[in-house]
Structure formats: structure tokens, C-alpha cells
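Geometric and topological summary
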Amino acid sequence: MSPLAIQGIGVLGGFGCGLDALRRSLAEGPAAPGQLAVAAGAQELQLPAYLADPAPLERFVNKRATRRIDHFSKMALLGAHLALEDAGALEASRERMGVVIASGYGATRTTFSFLDSVLEDGDAFASPTHFSNSVHNAAAAHVAIQLKATGPSLTVSQFEMSVASALLTARRWLAEERVDSVLFGAVDEVCAVLGHCWERFFPEPSRRIEPFAFARQSAVPGEGAAFFLLTGDEQGRHGRITSVRQGRVAALSQAAGPWLLNADGHSSCSGYYRQLLPGPAAVTAATPHYGSLPVGQAFDLAVAALALGGAGLPAPAGGETLPEPWQPAGGVLEADALGCLKCDGRGNFGAVTLARG
Amino acid sequence: MSPQRPVAVTGAGCLCAAGANLAACLEALFAGRRAPAPPSLFSTGHPASYPVFEVPEAFFPAAVPADPELLRTARLAVAASAEALADAGWEIGELRKLRVGVIVGTTVGSAMNNEEFYRDYRGGGRPDLAAIRRFLRSNPAAAVARHFGFDGPLQTVVNACSSATDALGIAAQWLRDDLCDLVLAGGADELCRTTYNGFISLMITDTEAVRPFDRTRRGLNLGEGAGMLVLESDALVQRRPGRARARLVGYGGACDAHHLTAPHPEGAGLRRALEEALAGAGCAPGEIAFVNAHGTGTPDNDRVESRTLAEVLPGVPFLSTKGFTGHTLGAAGGIEAAFTLACLEQGRIPGSVGFAEADPELPVAPVRQITATQGRLALSQSLAFGGNNAVIIFAKGERA
């Protein structure tokens, strides 16, 4: 495939804001999750969750300009600006830059805020602001408007496969020279309603993801944004994406690895990782640093890029025994490439390989 | 941008308020029939009635019955896909041996907005999680692939009203990239209270039947439906020569980067998308036989489209088919692509129902009557919330 060179990365999540915050988290160990207030009948529970704070967006965009922009789009805007800043491209022309955003569930808080306006005030008083911001591509629109990015724009919602699916198209845009660069981002948010559903589906909340305790449900919900400035150059400041595959589990032939699995504590997905990698493989996971979210694979890409850049790969969380015949990956990465693998609970996979240089 | 390799379209399917399948839709279009009516799928508390274009239950094929575990959007997508695959002459068992991708554009089909569930939740209850399970089973691209047993890549495009046009352009790109042997692509969307209330809140919905490009236009009518096309790789086409109904020869997309809900007043993004599509097709504006415009009937959209078409495609006849279907949002580009392909085959386009009186503010107006067209290329364009603009160009195929 034609390469996707990674020139800049911008991330925010439960670990904090920016690549340095992610590096620190990987070096020092994941922070404790925050708390999300969740209604459970007449009671209120505090559900452990990795929450992201988009307040640093003020560094890039006037606060007044964002007063009608919701949390979801603010996370996207901050991730986008951080990626451009990291690439040294904040002042560059964006006439030929495409925007591609992947999201599992979109702006759920605003979707429910719109329903609040209908249920509280009646159909005739529905909120136009909430409605227009609840549309899935609102975040991409805000990014394009703020950055004056007039290339093509795409938002993909393929649940847990959103990242790999959207990358397939980003790659093609560069290969066909529709654009000179793609600002590729992934965003998901948690909200009280999602928390309520989470508590109902998984009534014993976990405070710590144990990625390889496959029989145990240990997922902790997370939110955040991970953005990448991609070009078709031969070299990228953070390496290159050399392959992207997406499909049914049975369709993947095992590559050498090592592998960074987006095993995020959902026991329903674990069997698919075993099916995809039945033989010996060096594996690890970084999900305890940002939690479980549909677009979690984008954070894995950031971790993989850091590891290939010399930052080291996090070892599997302490005390976990890997399923046979897997071996733990971790520490300084000797291989020149690293696979990032995501499985959902329905037998789909997304596999993205990154390489140095 | 250099010319792109054409991609064969071997099958098309659609259902919407105009008809249960593509042939029935075309018959209604050329007969000038339409039937907007107050919504029957849900009730509302608005003092005025806003007509919609619903798909009657009788329009769904018997092989795609209502499924309580699936959203209506997914059902619409499956029904249109089944027609498209049959039109392409494929046995499903044969397709399961191939790399088949699915790309579906939608808006409602990806939104977690079940009002009944949320009302119960707000009331402090523990609502039945069936609504959430249904949502999680109903991602349109995944639902279509699951129904037919395909195992290739999936993409649900949520680019608002340009979603399906983008889905078709992306499908051609995936085939040129050899990601798939065949891609089933288009769009699907259902009518629901949330979008109904949302569009009314934006004050761009008409209480009368929609009148695209007309001087008296006051907004859109919502609709629902699905339009899906089968696109195939060159290698597959060579195995079954003579199957192409059309070829997708051009695709362009650009963002206005101007406003969340209003188009750029000078049509900056649309112009760029048109130029990109024409360059990709390697053709001159004068070679386009006709344009299926977005033509929603909102004052802003129609003004921008008319001005841009007058400048970029002067003299090219155009029409809006939303007078027959309503605005089907994420499905619109798929349904209109199927109409465009079929009209290109027939060498004629229907009159733009709802258009009666030219607007002096608009430099060009759509055709009023059935119009014979000349040429082998036709263009379909979509504008969307977020400033998205998408354009695709078809060339006649061997089956035409």
C-alpha cells in the first residue's frame, strides 16, 4: 500500500492532554480513573471512567468562538490543533487538507440534550443548536471551520471498527492526490446515559482494566480524542502506517507482530484476539491508560508511534498471565514495525501496522 | 487531479415514497406522481402539520420482513441492497467467495436517539435495554454485510446529507485500491421524530409540499428510503462482460469550512467539488447531459446551487427529484444516484415536480417537463450540514 506518513500527533484522554502526558502515563503507570455520575433507578452511582478535559483548547481558539460548541467537538478541536502543533503546521495553508474523523457513537451528550429540549418544552421548542451539533459530522465541520480546511471531509461511524475503516479512505485520498494531507482524528465521549447502559450491561464496575484477564469483564469506560496529521511522504516524524486491514476475524492471516492489542477488558472480544493470533506472538496492551472506547485503537496508534520513536512499549499490566503461547512485549522495541489490532464483540477486526521512519 | 479509472456499476436498487423499487420509482417520476402526507409513523405536538414522504409497509419486499431487533434504516438498506444485487445478476453464494465491501451513508441509522428509552431513563426508571441492543445491531453497513454474509471491509459514512454520494465515491476508490472485488454502496435513512423536530426547529421545513427552486419555496419535506449500487472491480467485470449499467467516472468532494448548517453563499465548496469531479472524469462541462441537483427546496440551498450550476455547468439541464421523494438525508445521494443512472439509460429526465414559478433571484431553473437529454455523462450532487459537498459523475454502460 502507499504509505501514510505520520507528521503530527495530538491526544487527550484520561491520561491528560498532549503527547507528553501520554508519555508520562506510559512511563509512570496509568492514573486512577475519574468518576462519572450515573443514574441507577432512584439512586446515583459513581462509575469509574477515564474522562478528558478539553479546557486547554483556549490556547488555540478564543473561548468566545467555542461557547456554542459541545464537549465532543471541543475534544476534536483540541486534538486537531495539538496534532498540527506537533507537526509544526499550525500556520500552514489548509486548502488541500482533508479531514477524516472516526467515532463510535458521536456526540451522545448533545443528542440527549436535544431530546431534553423536546421532552421538557415540547416538540415545537426543540433546540436548533443542540440538533445541529448532534449530527455526527458536526465535529468535522467545527474542525474545518476553525482551521479553514477546505479539502474533502469525512466522518465514519463503524463502532469499534471506525478507526481502521476511516483510515482505509484517508489512505486513498492521499494516493489519488485529492489532498496533500489528511487530518485524521478519532473521538468518543462518555455521558450519563451511556454510563447508565454500561452499569446495566456490566453490573460489577471495575476500577482497573486487566487487558489479558480474558475471562473477566474489567473494562472501564473512557473518552478522548486522538488526531494525526498524515501525508503521502516517504518519511514521517512519527513513522509510517504501512498497512490497514478491516474485515471478519476469519479473514486475517497472522503477521509476525509484535502486537499492541486494544484488549480493553471486554470479555466478549477476547476470544477473537485468540482466533486472530493463534500462534506464538509478542503482545501487549495500553488500554489501562485511556480506558475502553470504540475508537480506542487510535490511542494505540499514538502509543505505537511513540514506541517506534524510542519511548518504549508498555508491558502488560502487572501480575497478568498471558494466554499461551503469547509472550509479553514491552520495553525498548527492537522490531521496526508494530501491529495494532482491535476486535469487536461481533467478530470484526481492524489491523493497522506502523513502521519506523 | 488527474483522471481516475472508471468503475463499473452493475446493479442498482432503491425504495422510497416514490416506489418500491427503481423501476416503480422511475414510473412515478415520469408520471409526475407524488404523495406527501402527515407522518403516520409517529405523532407530534406541532401546531402545524409538516408533510413527509414515508415508505409504505407494502413497499418492503417479503424477503425483508420487519425485525424487532433491527432499526428501520437497516431494513431499508437491506431491501435496496437485495434489489441491487439481483439487478447485477449475482447469486449470494457466489459473492461469499469474493471480497465484498459495504459502504452505507446515513444520519439516523447511526444516532443513539431512542426517545422512548430516554423518556423512561429520565423518569428514573430502568428502561428495557432492547432499544440499545437494537441500535448496536443496526449499524447500516454491518447490518447489510451480516444479512448477506459478506466479510469485507465496512464503512458507515455519516456526512449528513452528502453521506451516500460520498459512499459511492469512496466505493470506487476502494475498488481502484484493490481492497475489494465488489462494493455494495449507497445510503439509507428512516423518518423519525428526532430529525422531524430537529429540522422544524431550524425553520427550514415547509408546511406544504416541497417546491424545489420555485419562487415560493419555503423549505424541505423529510422523506425516507434507501438507494444502493453494486460497483465491481475491472477483473470481475471482465469475468462477466456486458453487465455494466453505468460507470462511475468522477467523484469530487470539498468542505465549505464556513458554517455548521448554511452553505457557503458563493458555493465555494460545491464549485470545488464539481471541478474535482469533472477533472476526475476527464470531461468538459458541456459533455454533461444533465444534473440531478440536491434541490431541497430551502431558500439558501437552492440559491447556492442555481448560481453555482449557472457558472460551472452553463446550459446543462438539471432537475430536483426531492419533490417526489422528500429529503431522505443520508439516503438521498444513493436514491438520486440510482435515478441518475436510470435516466441516463433512458436518455430523458422527468420534470421537477413542485417547481412552477421561476425565482428571479436564481440565474437558472430546473426543467419543468420530461426532457430528452443528449450525451453519455450525467452528474448527481449533494450538499450537507457541516458544509460538505459531494459530486459524482456517471457514464453510460453497456447495458444502456
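Residues numbered from 1 in each chain as written. Chains lettered and ligands numbered in written order. Predicted model: local features only at pLDDT ≥ 70, side-chain atom pairs only at ≥ 80, totals over all residues. Heavy atoms only, no water.

Taking an unreviewed UniProt entry as the reference, chain B is identified by name as Beta-ACP synthase belonging to Desulfuromonas versatilis.

An unreviewed UniProt entry annotates chain A as Beta-ketoacyl synthase-like N-terminal domain-containing protein originating from Desulfuromonas versatilis.

Digging into the environment of Thr169(A)
Within the element layout of this structure, Thr169(A) appears in helix H6 (residues 162-175). Distance in space between the C-alpha atoms of Thr169(A) and Ser127(A) is 34 Å, their sequence separation being 42 residues. Leave out the neighbours within four places in its chain, and Thr169(A) touches Leu154(A), Gln155(B), Ile170(B), Gln173(B) and Trp174(B). Of the polar contacts made by the side chain of Thr169(A), one reaches the side chain of Gln155(B); its length is 3.1 Å. (Helix = DSSP H or I, 4+ residues; strand = E, 2+ residues; numbered from the N terminus. Contact = heavy atoms within 4.5 Å. Polar contact = N/O pair within 3.5 Å; in protein donor to acceptor, adjacent residues only side chain to side chain.)

Description of the interface of chain A and chain B
Counting residues at the interface gives 65 residues for chain A, matched by 71 residues for chain B. Together, the buried faces of chain A and chain B total about 5,700 Å²; carbon and sulfur atoms form 59% of this surface. If you sort the residues of chain A by the area they bury against chain B, Asp123(A), Arg178(A) and Arg200(A) come out on top, with a joint share of 11%. Where Arg122(B) meets Asp116(A), a salt bridge forms, and the shortest distance between an N and an O atom there is 2.7 Å. Summed over the shared surface of chain A and chain B, the result is 33 residue pairs in polar contact (both at pLDDT 80 or more). Elements that contribute at least two residues to the side of chain A that touches chain B include exactly strand S3 (34-40), helix H3 (108-121), helix H4 (128-134), helix H5 (138-147), strand S6 (153-156), H6, helix H7 (192-201) and strand S9 (240-248) of chain A. (Buried area = accessible area lost by both parts, 1.4 Å probe. Salt bridge = Lys/Arg side-chain N within 4 Å of Asp/Glu carboxyl O.)

Observations regarding helix H1 (residues 22-31) of chain B
All names here are of chain B. Along H1, the residues classified as buried are Leu22, Cys25, Leu26, Ala28, Leu29 and Phe30. Taken together, the buried residues of H1 touch strand S1 (7-16), helix H2 (72-87), helix H12 (322-325), helix H13 (332-346) and strand S11 (348-349). Where H1 begins, the side chain of Asn21 points an oxygen toward the backbone nitrogen of Ala23, at a separation of 3.2 Å. (Buried < 20%, exposed > 50% of the residue type's maximum accessible area, 1.4 Å probe, protein only.)

Quick notes on the packing of aromatic side chains
The final tally for this structure, using the stated rule, is 22 aromatic pairs over all chains. Ring geometry for Phe212(A) and Phe214(A): centres 6.0 Å apart, planes at 40°, overall tilted. Taken as a pair, Phe212(A) and Phe214(A) share a single burial class, namely buried. Every member of this aromatic cluster is reached through a ring pair, and the members are Phe114(A), Phe131(A), Phe199(B) and Phe385(B). One cation-aromatic arrangement involves Arg274(A) over Trp326(A); the distance from NZ or CZ to the ring centre is 5.6 Å. (Phe/Tyr/Trp six-rings, centres within 6.5 Å; stacked < 30°, edge-to-face > 60°. Lys NZ or Arg CZ within 6 Å of the ring centre and 35° of its normal.)

Regarding the pattern of salt bridges
Here the structure, examined in full by the defined rule, presents 46 salt bridges over all chains. Between Glu57(B) and Arg75(B) there is a salt bridge, and its shortest N-O distance comes to 2.7 Å. Within this pair, whereas Glu57(B) is found in the loop between strand S2 (52-53) and H2, its partner Arg75(B) is found in helix H2, the two being separated by 18 residues in sequence. You can call Glu57(B) partly exposed: its relative accessible area is 48%. For Arg75(B), a relative accessible area of 8% corresponds to the buried category. Note that Asp300(B) is salt-bridged to Arg303(B), the shortest N-O span being 3.0 Å. Highlighted residues: Asp300(B) and Arg303(B), both in helix H11 (residues 299-312), separated by three residues, approximately one helical turn. Residue Asp300(B) is classed as partly exposed on the basis of its relative accessible area, which comes to 36%. On the accessibility criterion, Arg303(B) (21% relative accessible area) is partly exposed. Overlapping salt bridges, with partners in common, bring together Arg171(A), Arg172(A), Glu176(A), Arg176(B) and Asp177(B) in one network.

Section: the packing of helix H2 (residues 71-87) of chain A against H5(A)
Residues and elements named next belong to chain A. In contact at an axis separation of 9 Å, H2 and H5 are set at 45° when each is read in the N-to-C sense. Looking at the two axes, H2 sits oblique to H5. Considering how the two elements wind past one another, H2 and H5 form a crossing that is right-handed. Taking contact as the criterion, the partners of Phe72, Ser73, Ala76, Leu77, Ala80, His81 and Leu84 in H2 are, on H5, Ala138, Ala139, His142, Val143, Gln146 and Leu147. (Axes fitted to C-alpha atoms, helices over the stretch in contact; angles between N-to-C directions. Parallel < 35°, antiparallel > 145°, perpendicular 65-115°, else oblique. Left-handed = near helix turned anticlockwise from the far one by under 90°.)

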